[in-house]
Amino acid sequence: MSAPAQGIATRGYATNGPDATFGPFDFVRREVGPHDILIEIDYAGICHTDIHQAKNEWSDVMPASYPMVPGHEIVGRVTRIGKEVTRFKEGDVAGVGCFVDSCRECDPCLQGVEMF
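Note that the structure is predicted; figures quoted are calculated from it, not measured. (Residues numbered from 1 in each chain as written. Predicted model: local features only at pLDDT ≥ 70, side-chain atom pairs only at ≥ 80, totals over all residues. Heavy atoms only, no water.)

1. Comments concerning the side chain of Q53
Right, so step 1: Mapping Q53 onto the fold places it in helix α1 (residues 48-54).
Right, so step 2: Setting aside its immediate chain neighbours within four residues, Q53 contacts W58, M62, P63, A64, Y66 and M68. (Helix = DSSP H or I, 4+ residues; strand = E, 2+ residues; numbered from the N terminus. Contact = heavy atoms within 4.5 Å.)

Take a look at the structure:
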């Protein structure tokens, strides 16, 4: 019998194959790092791209990996912050959009179109 994985016990809704039937799924996330915040998710969006991926409809260019917990564009409350975080505190409302960690230095970023 192996020891339980170290980290944050988490529950999501996953699909295990291209039929895209979802069900409860327990997994372990890594611990909060010094620059991270942990958000207890109240709302999450699943867009049509997530559906394509869940159904493995783009297998030629981006094969699906299962189990899969799709979803992004989340909103919730900050429940933990890393020791280097200064912009958020526990209890704050926070969200994550569909684009994370743009460089903020290239021409598209400087022109306000970081999605390119």
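2. A few points about unusual backbone geometry
Right, so step 1: Note that the residue after Y66, namely P67, is joined by a cis bond; omega there is 0 degrees.
Right, so step 2: Positionally, P67 belongs in the loop between α1 and β4 (72-81).
Right, so step 3: Positive phi values are uncommon outside glycine, yet N56 reaches one of about 55 degrees.
Right, so step 4: Position of N56 relative to the elements: it lies in the loop between α1 and β4.

3. Notes on the environment of V85
Right, so step 1: In this fold, V85 is placed in the loop between β4 and β5 (93-96).
Right, so step 2: Once residues within four sequence positions are removed from consideration, V85 is found in contact with P34, H35, D36 and I37.

4. Examining the pairing of β4
Right, so step 1: Where strand β3 (residues 37-45) lies against β4, eight bridges are found, and the strand directions are antiparallel. Among the inter-strand pairings, Y43 is bridged to a residue of β4, identified as V75. (Pairing = 2+ DSSP bridges.)

5. Here we look at the side chain of T15
Right, so step 1: Tracing the backbone through its elements, the reader meets T15 in strand β1 (residues 8-15).
Right, so step 2: Of note is the side chain of T15, whose polar atom sits 2.9 Å from the backbone oxygen of G17.
Right, so step 3: Discounting chain neighbours no more than four positions away, the residues touching T15 are A20, T21, F22, A54, Y66, P67 and M68. (Polar contact = N/O pair within 3.5 Å; in protein donor to acceptor, adjacent residues only side chain to side chain.)

Bear in mind that shape data such as this cannot, by itself, settle questions of function.
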